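If you want the building blocks of each chain, they are given just below.
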Amino acid sequence: MEKETNSTAACATEKQKNTFSGNIGYVLAVAGSAVGLGNIWRFPYLAAKYGGGIFLLVYLILMLTFGYAMIVSETAIGRMTGKSPVGAFSSLGSKKWLTFGGWINAVIPMLILPYYSVIGGWVVKYCVEYLRGQSSEMAGDGFFGEFISNSFAAEICFVVFILAAFFVIIAGVKNGIENVSKIIMPLLIVLAVITAGYSVTRPGALEGVKYFLVPNFSDFSIMTVVAAMGQMFYSLSLAMGILVTYGSYLKKDSDIEKNTTRVEWFDTGIAILAGLMIIPAVFAFTGGDIKTLKAGPSLMFITLPKVFDSMGFGNIIGSVFFLMVLFAALTSAISLFETCTATITEELGLNRTGSSLIVLIVSLLLGTASVFGYGVWSYVKIFGMQILDFFDFLTNSLMMPVSAFFICILVINVIGFDGISREVKLSSAFRRQPMYYVVTKYIAPFFLMIILASSIANALGFITI
Ligand code: PHE
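Per-chain numbering applies: the sequence of each chain, read as written, is numbered from 1 onward. The model is predicted, so local features are restricted to residues of pLDDT at least 70 and side-chain atom pairs to those at 80 or more, both for listing and for counting; the totals for chains, interfaces and linings are taken over all residues. The side-chain values count all of the structure's non-hydrogen atoms but skip hydrogen atoms and water molecules.

### Structural notes on the site of the ligand
Near the ligand there are 15 residues, and of these Ala-34, Leu-37, Gly-38, Tyr-116 and Tyr-234 occur at the shortest range. One of the side-chain nitrogen or oxygen atoms of Asn-39 is found 3.1 Å away from an oxygen atom of the ligand. The definition of a polar contact used here is a pair of N or O atoms within 3.5 Å, where within protein one atom must be able to donate a hydrogen and the other to accept one, and adjacent residues in sequence count solely through side-chain atom pairs. In the model, a nitrogen atom of the ligand is placed 3.1 Å from a nitrogen or oxygen of the Ser-237 side chain. A total of 320 Å² of accessible area belongs to the ligand in isolation, and the protein chains cover 100% of it. Comment: elements are numbered from the N terminus, with helices defined as DSSP H or I runs of at least four residues and strands as E runs of at least two. Of all the secondary structure elements, the ones that give two or more residues to the shell around the ligand are α2 (23-34), α3 (37-49), α12 (222-235) and α17 (314-348). A molecule or strand has a residue near it when one of that residue's heavy atoms lies within 4 Å. For the area figures, the Shrake-Rupley method with a 1.4 Å probe applies, and any residue is considered shielded solely by the protein chains shown.

See below:
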């Protein structure tokens, strides 16, 4: 008992040191988590596939309703309890489902971090090669395939990336996460505007801009909604314990509602800029062939280098673009790392360095499996998927809707709307409260089950997302 009291006290002191200094630091750190590979690589490809302008419109509506409600819930839960997901859920009651709800939120980032860092490693490789002036080599067929199947090279890049995240975590919330985000995020906006400006002014690019921005209602299908919803969760880092953890570092006088709005628009703004960077450029390159845009994972690593090389200044624009992707991916990885570290610190009572070492070791093991899955272990398939793809599917398509569902139930049945609204109103006007209530109670649980069902149907081959 005494030991427990001591470790709780240690945690409390640790937490006092570890808060964000103010709104700007907090917003940039949350935006840093939200803006990542999801915005730059996944969003443009999905937008192209699911109807361009109509996808964008559906995404915006979902972000302003559903996304808003989820961010507010998670942040308020974190700030109210002062804990990361496991502690937050269990401090609100002792029922078994609460413990499960907390753990599923906490385990997701531990499973995402390793494979996300493997992709981060690919981005490191692309940065280095562009900076070395290898644009035309990278535009050649087979460059990407050869690189990822070379397990040794891919492993080194992965280790470099994960170690960079590790050192920021060791430095702490304010010195590490906040300071890094304050430098990287503004730089990222500048790089995004330069690349988007360059892309939309290419000859033939205007058609692509139109396709991406103007909704065409005949392109609408129910899959547009399902895809936009999944993307929104991923892009805003929802239901992964991250916002609960960051909320626990938030001061009571920070305006949750205003900060949520800022984060939403920051994240969506970068996604739109990424759409403007990639879609018009590929349109110009292929003469408007939508099929190329639907290439998915290979769009950023295979098609884009060809586009850059064909445009002239390939090395410069490639370096700028991949440097930006690297920054975006790094701040997201940092948020994943932080959430895992916070959970271990709280649950096992270890200090920050010890906890982050554990996260590092687990990530190295799981990440190495993902690296080898494309190389020396390429014969290993889980449900027909390669190891990295399997981790992605498991976390984003199966676990994420379940974990979000638990958050809604926690708000509806345990904390209650009055409890949440009291917490939010400590520092905000909470103008969208009626909408928050309707979305969380009636719309979210239903939609989440639809996402889960459609993901399972997709994995079993009944439908194609
Ligand atoms: N939101 C990040 C992105 O858009 C991805 C991410 C997901 C980060 C989950 C943290 C947690 O890339």
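### Examining the nonpolar core
Among buried residues, the Ala, Val, Leu, Ile, Met, Phe, Trp, Tyr and Cys ones that are joined through side-chain atoms within 4.5 Å form a nonpolar core. Only protein chains enter the accessibility calculation, which uses a 1.4 Å probe; a residue whose area is less than 20% of its type maximum is buried, one above 50% is exposed, and one in between is partly exposed. Ranked by internal contacts, the top residues of the largest apolar core, which has 161 residues, are Phe-66, Trp-122, Phe-233, Met-300, Phe-321 and Phe-322. With 18 residues, the top contributor of residues to this core is α17. In what follows, residue pairs with any heavy atoms lying within 4.5 Å of each other are defined as contacts. If sequence neighbours within four positions are ignored, Phe-321 has contacts with Ile-40, Thr-195, Met-277, Ile-278, Met-300, Leu-304 and Phe-308.

### Remarks on α2
The span expected for a helix works out to 1.5 Å for each residue beyond the first. The first and last C-alpha atoms of α2 sit 16 Å apart over 12 residues, in line with the 16 Å expected at 1.5 Å per residue. The buried count for α2 comes to 10 of 12 residues, which makes it a mostly enclosed element. Among all positions of α2, only Gly-25, Tyr-26, Val-27, Leu-28, Ala-29, Val-30, Ala-31, Gly-32, Ser-33 and Ala-34 are buried.

### Topic: a nonpolar patch on the surface
Judged by side-chain polarity, Tyr-437, Val-438, Tyr-442 and Ile-443 come together as a nonpolar surface patch covering roughly 350 Å² of accessible area. Look at Val-438 and you get partly exposed, because its relative accessible area is 38%. For patches, a residue must show more than 30% relative accessible area and have no salt bridge; joins then use 9 Å for like charges and 5 Å for nonpolar side chains, namely Val, Leu, Ile, Met, Phe, Trp and Tyr. The salt bridge definition used is simple: a Lys or Arg side-chain nitrogen within 4 Å of an Asp or Glu carboxyl oxygen.

### Remarks on unusual backbone geometry
For Ser-237, which is not glycine, the phi dihedral falls at a positive 55°. Here Ser-237 is to be found in the loop between α12 and α13 (242-248). With relative accessibility at 7%, the residue Ser-237 sits in the buried group. Unlike most non-glycine residues, Phe-430 shows phi in positive territory, near 55°. The residue Phe-430 is located in the loop between α19 (387-425) and α20 (433-459) in this model.

### Re the side chain of Asn-105
On the secondary structure map, Asn-105 appears in helix α6 (residues 96-131). From its side chain, Asn-105 meets the backbone oxygen of Gly-101 in a polar contact 3.0 Å long. Polar contacts involving the side chain of Asn-105 include one to the side chain of Ser-403, which spans 3.4 Å. Residues contacting Asn-105, with those up to four places away along its chain left out, are Pro-85, Phe-89, Ala-239, Met-240, Gly-241, Ser-403 and Ile-407.

### Observations concerning the packing of aromatic side chains
Ring pairs shown here join Phe, Tyr and Trp side chains whose ring centres sit within 6.5 Å, with only the six-membered ring taken for Trp; geometry is labelled stacked below 30 degrees between planes, edge-to-face above 60, and tilted in between. Tallied over the entire structure, the rule returns 31 aromatic pairs. An angle of 25° between the planes, with centres 6.4 Å apart, marks the rings of Phe-55 and Tyr-59 as stacked. Residue Phe-55 and its partner Tyr-59 are located together in helix α4 (residues 53-81), separated by four residues, close to a single helical turn. The pair Phe-55 / Tyr-59 is uniform in exposure class, with both members buried. Geometrically, the ring pair formed by Phe-308 and Phe-321 is edge-to-face, given 5.5 Å between the ring centres and 65° between the ring planes. Remark: Phe-321 occurs in helix α17 and Phe-308 occurs in helix α16 (residues 297-311); sequence separation between them is 13 residues. Overall, Phe-321 belongs to the buried group, its relative accessible area being 1%. The rings of Trp-122, Tyr-126, Tyr-130, Phe-143, Phe-144, Phe-301, Phe-308, Phe-321, Phe-322 and Tyr-374 are connected pair by pair, giving a single aromatic cluster. Two conditions define a charge sitting above a ring: the NZ of Lys or the CZ of Arg must be within 6 Å of the ring centre, and it must be within 35 degrees of the ring normal. The ring centre of Tyr-234 lies 5.0 Å from the NZ or CZ of Arg-42, which sits over that ring. The aromatic ring of Tyr-198 is capped on one face by Arg-202, whose charged end is 3.9 Å from the ring centroid.

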